[in-house]
Amino acid sequence: MSLRFKAISDPDGNGSNSKEQKTDLGNGSEVVYVPRLLTSDESWKFFDYLNKEIPWTRPTLRVFGRSHVQPRDTCYVASKGLPELIYSGYQPHAYSWDDFPPLKDILEAVRKALPGSTFNSLLLNRYKGGNDYVGWHADDEKLYGPTPEIASVSFGCEREFLMKKKPSKSSQERSDDEPVSKRLKKSSNPDHHSFTLKHGSLLVMRGYTQRDWLHSVPKRAKAEATRINLTFRVSLHQANNYLKLMVLFVLMGTLEATLKDQLTPVVETPPPHIGEDSSRYSHRSIETLVVVLAAITIIGVIAGIIARLCGGRHFGGNGEHDIEGWVERKCRSCIDGGVPAVPPPPPPPQEPKPPSEETKK
Ligand SMILES: O=C(O)CCC(=O)C(=O)O
Ligand SMILES: [Fe+2]
């Protein structure tokens, strides 16, 4: 499918999402709502494409030991090399961004609205009417880390998105003490929020929202039409690979410094007197040679990897340009603790031992 639409992430034409609404949920949690990330026309094009082309499935989930069919259609897209997503005993197949090119245009619009974001996976949901819903939950899988930013783009039928604070010991005690009349006043209750997610809108949850809050899209008898929702997420595995690469480079630096130490005496030490303990120097030379050969091998391997990365891959953050996934696959054994491809740095140079009686002979 070669359909590509260029998304306009600034429908107001004034260089910013002027109608952005921020809701501070307290304790480091925040929600941002942008009613018009995309224009209505482009949003309908995306809707039609997604509705027709996405291989929607309605999996059977296991919740509290009981099986039930998920009350909405779903699909999952992720960059290569990420850990698998598993929820309620279900592991969705991870499609590639290249399978559905218009998703990259939507991601681009989200990126423009959220500069610096690095979303690398996407969960798609389709609600085929008011009976389809998502129950109260938090997207607090370990895979997303402690403070995930989740960007949710909606198309088609407007639906209500509800948020409520997770019951904590202290908030439970507080609400038990409150008079019922006060607890029922939902509109002024800071522990509940409601957003009507419009066609072409963006809602962002960030900070500790997944730790401290639940969200849902409840059934609505009157919502007859189809709604499609995309939640862009960052799976943390790739970030970890950056760290692992950094460790590799630090190791290289240590090795280089050690080598310098090893080589200096070879150049600077005056030649030994003939007839003195020459075996001591040949022992030292072999040691140095081994270290040099090991270093050349390591640097060669790393240079090869870097050359492949720079020559064959493009640098970029979305699914199509997935350096980390490639490194992950190629170097799984070395960066994931299997057989170490890179040996540890050589031991510090040893003081030459006085020659034994045997070697003196
Ligand atoms: O459909 C929505 O707006 C929310 C979907 C959602 O919460 C999820 O996929 O985790
Ligand atoms: Fe969610």
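Residues numbered from 1 in each chain as written. Chains lettered and ligands numbered in written order. Predicted model: local features only at pLDDT ≥ 70, side-chain atom pairs only at ≥ 80, totals over all residues. Heavy atoms only, no water.

- As named in an unreviewed UniProt entry, the chain is Fe2OG dioxygenase domain-containing protein, taken from Dipteronia sinensis.
- Reading the Sequence similarities (unreviewed entry) entry of the UniProt record for the chain gives the comment "Belongs to the alkB family." (UniProt positions renumbered as here; feature names shortened; annotations may be inferred.)

**Structural notes on helix α2 (residues 102–113)**
- Taking 1.5 Å as the rise per residue, α2 with twelve residues should run 16 Å; its terminal C-alpha atoms sit 17 Å apart, in good agreement.
- Most of α2 sits out of view: ten of its twelve residues are buried.
- For α2, every residue scored as buried is listed here: P102, L103, K104, D105, I106, L107, A109, V110, R111 and A113.
- On its buried side, α2 packs onto α1 (40–53), β5 (73–78), β7 (121–127), β9 (150–156), β12 (201–207) and β14 (227–233). (Helix = DSSP H or I, 4+ residues; strand = E, 2+ residues; numbered from the N terminus. Expected span 1.5 Å × (residues − 1). Buried < 20%, exposed > 50% of the residue type's maximum accessible area, 1.4 Å probe, protein only. Contact = heavy atoms within 4.5 Å.)

**Observations concerning the sheet that holds β5**
- Read across the sheet, eight strands follow the order β1-β2-β12-β9-β14-β7-β5-β6 without closing on themselves; strand pairing throughout is mixed. Among the strands making up the open sheet, the edge pair consists of β1 (21–26) and β6 (94–95).
- As paired elements, strand β2 (residues 29–34) and β12 share six bridges and run antiparallel to each other. Counted as the bridge partner of V31 is M205 from β12.
- Where α1 meets the sheet, its contacts fall on β7, β9 and β14, and the angle it forms with β9 comes to roughly 90°.
- Sheet contacts for α2: β5, β7, β9, β12 and β14; angle to β14, the most-contacted strand, approximately 60°. (Pairing = 2+ DSSP bridges. Axes fitted to C-alpha atoms, helices over the stretch in contact; angles between N-to-C directions.)

**Topic: the coordination of the iron ion (ligand 2)**
- At the metal site, the iron ion (ligand 2) is ligated by H137 (NE2), D139 (OD) and H215 (NE2), and these contacts range over 2.1 to 2.3 Å.
- Of note, the donors binding the iron ion (ligand 2) are all from one chain and are spaced H-x1-D-x75-H. Residue D139 is found in the loop between β8 (134–137) and β9, and its partner H215 is found in strand β13 (residues 213–217); the two are separated by 76 residues along the sequence.
- The class for D139 is buried, based on a relative accessible area of 8%. (Donors = N, O, S within 2.8 Å, 3.2 Å for Na, K, Ca; no water.)

**Focus on the site of ligand 1**
- Close to ligand 1 lie 13 residues, the nearest being N125, Y127, H215, R227 and R233.
- H137 is positioned with one of its side-chain polar atoms (N or O) 3.1 Å from an oxygen atom of ligand 1.
- Contact distances for ligand 1 include 3.1 Å between an oxygen atom and a side-chain N or O atom of R233.
- Protein coverage of the free-state accessible area of ligand 1, which is 290 Å², stands at 97%.
- Of all the secondary structure elements, the ones that give two or more residues to the shell around ligand 1 are β7, β13 and β14.
- Considering each element in turn, the shell around ligand 1 owes the most residues, four residues, to β14.
- For the shell around ligand 1, the residue count by class is five nonpolar, five polar and three charged. (Near = heavy atom within 4 Å. Polar contact = N/O pair within 3.5 Å; in protein donor to acceptor, adjacent residues only side chain to side chain. Areas by Shrake-Rupley, 256 points an atom, 1.4 Å probe, with all protein chains shown as cover. Nonpolar A, V, L, I, M, F, W, Y, C, P; charged D, E, K, R; others polar.)

**Some words on the pairing of β14**
- Among the seven residues that make up β14, seven are buried, leaving the element largely enclosed by the rest of the structure.
- The alternating pattern of β14 places R227, N229, T231 and R233 on one face and I228, L230 and F232 on the opposite face, and all of these are buried.
- Summarising the sheet, β7 and β14 pair through seven bridges and their orientation is antiparallel. If you follow R126 over to β14, its bridge partner there is I228.
- Relative to β14, β9 is paired through six bridges, and the arrangement is antiparallel. When the bridges of β14 are listed, A151 appears paired with F232.

**With respect to the side chain of N125**
- Relative to the helices and strands, N125 is located in strand β7.
- Polar contacts involving the side chain of N125 include one to the side chain of R72, which spans 3.0 Å.
- Excluding residues within four positions of it along the chain, N125 makes contact with W56, Q70, R72, D73, T74, R227, I228 and N229.

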